[in-house]
Amino acid sequence: MDLSSKVTLVYSFFAPILAVTAGAFTNAYITFVILLDYFKTKMMSSSNKILLALSLSNGYFSFLLFVCSIISFVWPHIATNNYIKGCILALLIFGISSTAWITTCLCVFYFVKIINFSSGLFAWFKLKIDIIVPWLILVSEVVSLGCSFLTLLPSVNIQEPSSNSSMFYSLNSTSGATGISADFIKVTFIAVCVPLLIMIVTTFPTIRTLYLHSRRMKNTGTSSSLAPHQSAVFMMAWLLFLYTVFFVVLFTGFIQSFTPPSFAYWMTYNLIYVATLVQSVVQILGNPKLKEAITICCCFVCHKSW
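- The protein has the name Taste receptor type 2 in an unreviewed UniProt entry, where Xenopus tropicalis is given as its organism.
- The record in UniProt for the protein states the following under Subcellular location (unreviewed entry): "Membrane".

Structure follows, in structure tokens:
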């Protein structure tokens, strides 16, 4: 095996496998900490409900990417079957849509909790948010399933032979010179772009509100702690940045902007696989309880090693 083949093997197989495995462990950690706290207190906050749903969704997506990588290299002949490619595409769209919409629920939750609404729909929404959160999660999953089923329609899922070595990148609904069908773009817009737009609409006003509030507190000498809100806004901002990068990379893959063995191709390819790991790390750093738990674990491991 020459050097070029070895580099390709690392970029296309070992690096993605390592990324999704690490992402699965971090999401399992989030799930474990939240459930452990629930079993101790018999209560679960609305934010933890969303984080739990998000970690489970991310875990599913990590597992699916792992399976896609294995199939691509162990059973490459399977990846050429249009029916199987269509099914895997539907599963991938469900995973992507689910994580995106549940992340949107998290941004909406912090938006409603942090900004003060004196009257109107958002004021009512703020009062009922703990009741509404489970329904938001349920609606997110229903929308994700709908997008997934839509990709199975013959008019949407038009398959053509692909020479890409990546299972993920070979799952393109191509048609004509544009490289992607109009119906597939519509489905993907609902699954991907709509959540991103909602994240933008909720994140920037929340950042602005917290900034103005912190300035007022500084001017008046108020000593109330804003740490919980700052952690929430930190998470919202980083998740918005992550999903913006992820969706740009995703669409470059769907329209086949880069072809192997170019460096840009392997960079975008690996960014897709590392997304779940990065998102789980952002969740841990943005949630005081998750951050505290991992700090305790690290201290315990260091103490045992000494």
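1. Remarks on the confidence of the model for the protein
Reasoning step 1: Averaged over all residues, the pLDDT of the protein equals 78, while 74% of them reach at least 70.
Reasoning step 2: For the protein, the element scoring lowest by mean pLDDT is helix 6 (residues 167-170), at 48; helix 5 (residues 129-150) scores highest, at 91.
Reasoning step 3: Note on residues 161-167: pLDDT under 50 across the span, and 19 contacts to partners over four residues away in sequence or across chains.
Reasoning step 4: Under a pLDDT of 50 for its full length, residues 169-179 has, in the predicted model, 41 contacts with residues more than four places off or in other chains.

2. What to know about the packing of aromatic side chains
Reasoning step 1: Summed over the entire model, instances satisfying the criterion amount to 12 aromatic pairs.
Reasoning step 2: Linked through ring pairs, F61, Y243, F246 and F247 together constitute an aromatic cluster.

3. What to know about the packing of helix 2 (residues 46-74) against helix 5
Reasoning step 1: At a closest axis distance of 9 Å, the pairing of helix 2 and helix 5 adopts a crossing angle of 10°. Regarding the angle of helix 2 to helix 5, the classification is roughly parallel. Here helix 2 contributes S46, K49, I50 and A53 to the contact with helix 5, which in turn contributes D130, V133, P134 and I137.
Reasoning step 2: Within the contact of helix 2 with helix 5, the residues separate by chemical class into five nonpolar, one polar and two charged.

4. A closer look at unusual backbone geometry
Reasoning step 1: The backbone of K42 shows a phi angle near 60°, a positive value even though the residue is not glycine.
Reasoning step 2: Relative to the helices and strands, K42 resides in the loop between helix 1 (3-41) and helix 2.
Reasoning step 3: Overall, the relative accessible area of 61% leaves K42 in the exposed class.

Calculation criteria
- Residues numbered from 1 in each chain as written.
- Predicted model: local features only at pLDDT ≥ 70, side-chain atom pairs only at ≥ 80, totals over all residues.
- Heavy atoms only, no water.
- UniProt positions renumbered as here; feature names shortened; annotations may be inferred.
- pLDDT = per-residue confidence, 0-100.
- Helix = DSSP H or I, 4+ residues; strand = E, 2+ residues; numbered from the N terminus.
- Contact = heavy atoms within 4.5 Å.
- Phe/Tyr/Trp six-rings, centres within 6.5 Å; stacked < 30°, edge-to-face > 60°.
- Axes fitted to C-alpha atoms, helices over the stretch in contact; angles between N-to-C directions.
- Parallel < 35°, antiparallel > 145°, perpendicular 65-115°, else oblique.
- Nonpolar A, V, L, I, M, F, W, Y, C, P; charged D, E, K, R; others polar.
- Buried < 20%, exposed > 50% of the residue type's maximum accessible area, 1.4 Å probe, protein only.

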